[in-house]
Amino acid sequence: MPDSQKSRARRKSLDVRAWNGTTRPYDLLKELAIGVLVVGVIIVGFAAVAGSPDEPTITLQNWAQANPNDFVATATAELAGTSDTASYGPPYSSTAGATQTLGPIDLQTMSGVQLRIDAAKDFVITPLTTLDSAPDAVSTWRAATSEQQTAWATSYSDALGKASNGDPSTVVSGNYGPVPQLTQGLLTVAKGGALDGAIQSEGGLYNTNPTPTILFLSDGTYFSSLATAQHLTGDQWGMMNETGSYPGQSWLWLFSFWYQVPLIGNLPNADLVVVFIMVFLTLVLALVPFIPGLRSIPRWIPVHRLIWRDYYRKR
Amino acid sequence: MTDSQLPQPTLEPEPEDVDHSWSGRLRRWVLKVLPPEKLLPTSQPSYVATWIYMFGMGAIASLVFVIGSGAVLSLNGPMWWHLSPLGHFFNSLHLWSVEFFFFFMVIHLWAKFWMAAWRGNRALTWITGVVSFAVSIVAGFTGYLLQTNFDSQWIAYQAKDALNASGIGAWFNVANFGQMFMWHILLLPIAVLVIVALHVLLVRGHGVVPPLDAAESDSQLRETTPTEATSREA
Ligand code: HEM
């Protein structure tokens with residue numbers, strides 16, 4: 001069949017041309033109005049009966065009061081440059097080799113250090129300066145070389161790790177420089193609630209960006225222990241859940257699913273792999289009409305017989 | 001005056017009468033692809049008679065409540081709902097309309113899949129559907145980041161890794177409340193509305209897809225009574 005004939009045949013086929021069979025009355029606006037009404041009743045009903053969850057935020061003050069040892073250990077790790085944030089790589093720091101890559105693909109490095117965070121300075125030294133806490137220790141720290149700073153903080157970090165419960169008061173004496181005073185000073189201002197404001201105000205009066213506080217909090221174990229209790233961590237299907245027993249973003253299930261597969265979830269570049277899988281699957285979904293096999297599934301598994309039951313019955 | 005002397009309305013304008021202005025061309029094109037009787041139909045093919053067609057409408061209805069409750073939450077700013085019982089109620093309305101929006105959309109998606117509703121040049125309808133699903137997910141996600149409570153703190157912390165690993169996090173910082181706020185209340189709602197509008201206009205323009213294996217010999221194509229045949233507007 002020549003091409004012109006073929007396309008004419010296609011144009012005529014039932015699913016392309018306007019329907020000229022039997023019709024039924026249908027009032028689009030009325031259907032919409034009824035839909036809005038019915039859905040409105042359902043939504044108002046659920047909102048009134050089930051409500052919505054609202055677990056209060058966790059502040060640095062909450063953390064320092066609830067788990068001071070974890071707080072001190074984390075502050076020390078910030079000074080030593082070993083915390084998650086300090087050693088994250090782009091977009092927060094330029095730590096070498098910290099990025100997730102897939103073969104030659106290194107999008108994280110390509111995007112660059114756009115949100116630079118100097119964990120020791122932004123989380124510890126600057127707030128201590130602002131609040132005039134442990135000023136002598138701050139001066140000593142500032143005067144030291146960065147090698148010296150790292151050596152002090154690292155040995156204090158090790159010593160805390162060996163102390164029972166990580167309790168700073170039971171640490172054996174050693175060459176920690178000003179680090180114990182710095183972290184103790186930070187703990188004091190955090191417990192009193194001033195640290196939250198000090199870190200937040202690093203962004204100025206109208207700061208709407210709490211990224212530093214969230215990253216500092218998440219470098220400790222206290223924050224994630226609370227999340228575990230609310231079944232929110234990655235190996236608990238993570239953020240598709242909501243606090244309490246509310247439905248969360250259940251539509252993210254497939255995204256969370258890949259992290260539960262040990263072969264993928266345990267990869268050092270799991271995040272990047274999962275992103276690639278999801279981008280690929282979304283493209284496949286969008287292109288279903290063009291993918292041989294996939295687009296024929298509805299013919300092979302005739303669910304449509306149920307959907308258009310009436311039509312087929314009256315054939 | 002006889003009838004023949006009256007100016008006769010011409011259905012097909014003479015080629016030289018055709019208005020070549022941009023506006024004229026646009027008007028002709030719009031009226032051709034989406035005449036009013038297609039845009040606001042009062043009848044549909046007889047096969048459009050099952051409850052499965054209600055889920056697309058349900059998604060639109062939920063979207064109305066998503067936007068409405070979001071607008072009320074906007075009146076007093078993002079912290080209002082922690083402080084006021086009325087604010088909390090509107091937050092609950094916002095949450096549940098989103099939950100039902102996705103519920104209706106996902107069933108709608110599966111229904112359209114099993115109906116192979118992309119047939120007959122409707123692939124773009126399917127693709128705009130997938131895009132509206134994807135954009136809605138991002139919109140919902142930024143909403144979860146704006147709860148200004150423990151859940152939003154945690155989601156910001158947890159979601160950053162996937163975005164950072166793919167290079168997006170440097171430009172789209174989920175822990176930056178101000179940035180996410182703008183995306184959630186302005187950019188993403190506009191994106192959802194535009195893509196959903198396009199989707200629905202495409203559905204109206206193409207008409208509802210006929211059943212799989214529908215054939216010329218089917219009684220509903222043969223037994224058209226004269227009145228029904230003249231009212232075929234879909
Ligand atoms: C924001 C979400 C969406 C809204 C508000 C929406 C709305 C609608 C409405 C009102 C219709 C016509 C009535 C019906 O057939 O149900 C429709 C048709 C359609 N939708 Fe959606 N939709 C959405 C998402 C999707 C998704 C995620 C897909 C698939 C991936 C999709 C695919 C289709 C297709 C293929 C049709 C044409 C059906 C036909 O010709 O019979 N839509 N949509």
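Residues numbered from 1 in each chain as written. Chains lettered and ligands numbered in written order. Predicted model: local features only at pLDDT ≥ 70, side-chain atom pairs only at ≥ 80, totals over all residues. Heavy atoms only, no water.

(A) A look at the packing of aromatic side chains. Counted according to the given criterion, the structure contains 34 aromatic pairs over all chains. Pairing phenylalanine 172 of chain B with tryptophan 183 of chain B gives two aromatic rings, centres 5.1 Å apart and planes at 85°, and the pair type is edge-to-face. Note that phenylalanine 172 of chain B is positioned in the loop between helix 7 (150-165) and helix 8 (177-206) and tryptophan 183 of chain B in helix 8, a separation of 11 residues in sequence. For tryptophan 183 of chain B, a relative accessible area of 30% puts it in the partly exposed group. Put simply, the rings of Phe46 of chain A together with Trp51, Phe55, Trp96, Phe100, Phe103 and Phe104 of chain B pair up and form one aromatic cluster. Its guanidinium or amino end placed over the ring of tyrosine 312 of chain A, arginine 305 of chain A lies 4.1 Å from that ring's centre, counting from NZ or CZ. (Phe/Tyr/Trp six-rings, centres within 6.5 Å; stacked < 30°, edge-to-face > 60°. Helix = DSSP H or I, 4+ residues; strand = E, 2+ residues; numbered from the N terminus. Buried < 20%, exposed > 50% of the residue type's maximum accessible area, 1.4 Å probe, protein only. Lys NZ or Arg CZ within 6 Å of the ring centre and 35° of its normal.)

(B) The arrangement of the interface of chain A and chain B in detail. Residue-level contacts link 103 residues of chain A with 102 residues of chain B. Between chain A and chain B, the buried area comes to about 9,100 Å², and carbon and sulfur atoms account for 67% of it. On the chain A side of the contact with chain B, Trp19, Trp251 and Trp308 of chain A bury the most area, a combined 9% of that side's loss. Our count for the contact surface shared by chain A and chain B stands at four salt bridges. For the salt bridge of arginine 315 of chain A with aspartate 218 of chain B, the shortest nitrogen-to-oxygen distance reads 3.0 Å. One can count 35 residue pairs in polar contact (both at pLDDT 80 or more) joining chain A with chain B. Looking at the side of chain A that touches chain B, the element that brings in the most residues is helix 2 (residues 28-50) of chain A, giving 15 residues. Across the side of chain A that touches chain B, the residue classes tally to 57 nonpolar, 30 polar and 16 charged. In terms of strand pairing, strand 1 (residues 23-25) of chain A meets strand 1 (residues 43-45) of chain B through three bridges, oriented antiparallel. Its bridge partner being in strand 1 of chain B, arginine 24 of chain A is matched across the sheet by glutamine 44 of chain B. (Contact = heavy atoms within 4.5 Å. Buried area = accessible area lost by both parts, 1.4 Å probe. Salt bridge = Lys/Arg side-chain N within 4 Å of Asp/Glu carboxyl O. Polar contact = N/O pair within 3.5 Å; in protein donor to acceptor, adjacent residues only side chain to side chain. Nonpolar A, V, L, I, M, F, W, Y, C, P; charged D, E, K, R; others polar. Pairing = 2+ DSSP bridges.)

(C) Structural view of the coordination of the iron atom of the ligand. Residues and elements named next belong to chain B. Donor atoms from the polypeptide that coordinate the iron atom of the ligand comprise His108 (NE2) and His199 (NE2), at 2.0 Å from the metal. Angles of 84 to 178° at the metal separate the six donor atoms of the iron atom of the ligand, which places the site in the octahedral class. With histidine 108 in helix 5 (residues 85-114) and histidine 199 in helix 8, this residue pair connects regions lying 91 residues apart in the sequence. Judged by relative accessible area, histidine 199 falls into the buried class, the value being 16%. (Donors = N, O, S within 2.8 Å, 3.2 Å for Na, K, Ca; no water. Tetrahedral: all angles 85-135°; square planar, octahedral: opposite > 155°, others 65-115°.)

(D) Examining the domain arrangement of chain B more closely. Residues and elements named next belong to chain B. Structurally, chain B comprises domain 1 (51-101) and domain 2 (115-211). Relative to domain 2, the C-alpha centre of domain 1 lies at a distance of 16 Å. At the interface, 13 residues of domain 1 touch 15 residues of domain 2. In total, about 1,000 Å² of surface goes out of reach between domain 1 and domain 2, with carbon and sulfur atoms giving 74% of it. The tally of links between domain 1 and domain 2 comes to zero salt bridges. Linking domain 1 to domain 2 there are three residue pairs in polar contact (both at pLDDT 80 or more). Within the side of domain 1 that touches domain 2, the residues separate by chemical class into 10 nonpolar, two polar and one charged. (Domains from an automatic or database assignment.)

(E) Representation of the site of the ligand within the structure. Residue and element names in this part refer to chain B. With respect to spatial proximity, 24 residues lie near the ligand, and among them His108, Lys112, Gly129, His199 and Val209 are the closest. Contacts to the ligand include lysine 112, whose side-chain N or O atom sits 2.7 Å from an oxygen atom. At 2.8 Å, a side-chain N or O of histidine 199 approaches a nitrogen atom of the ligand. Ranked by the residues each element gives to the shell around the ligand, the list is headed by helix 6 (residues 123-144), at six residues. For the shell around the ligand, a count of residues per class yields 15 nonpolar, seven polar and two charged. (Near = heavy atom within 4 Å.)

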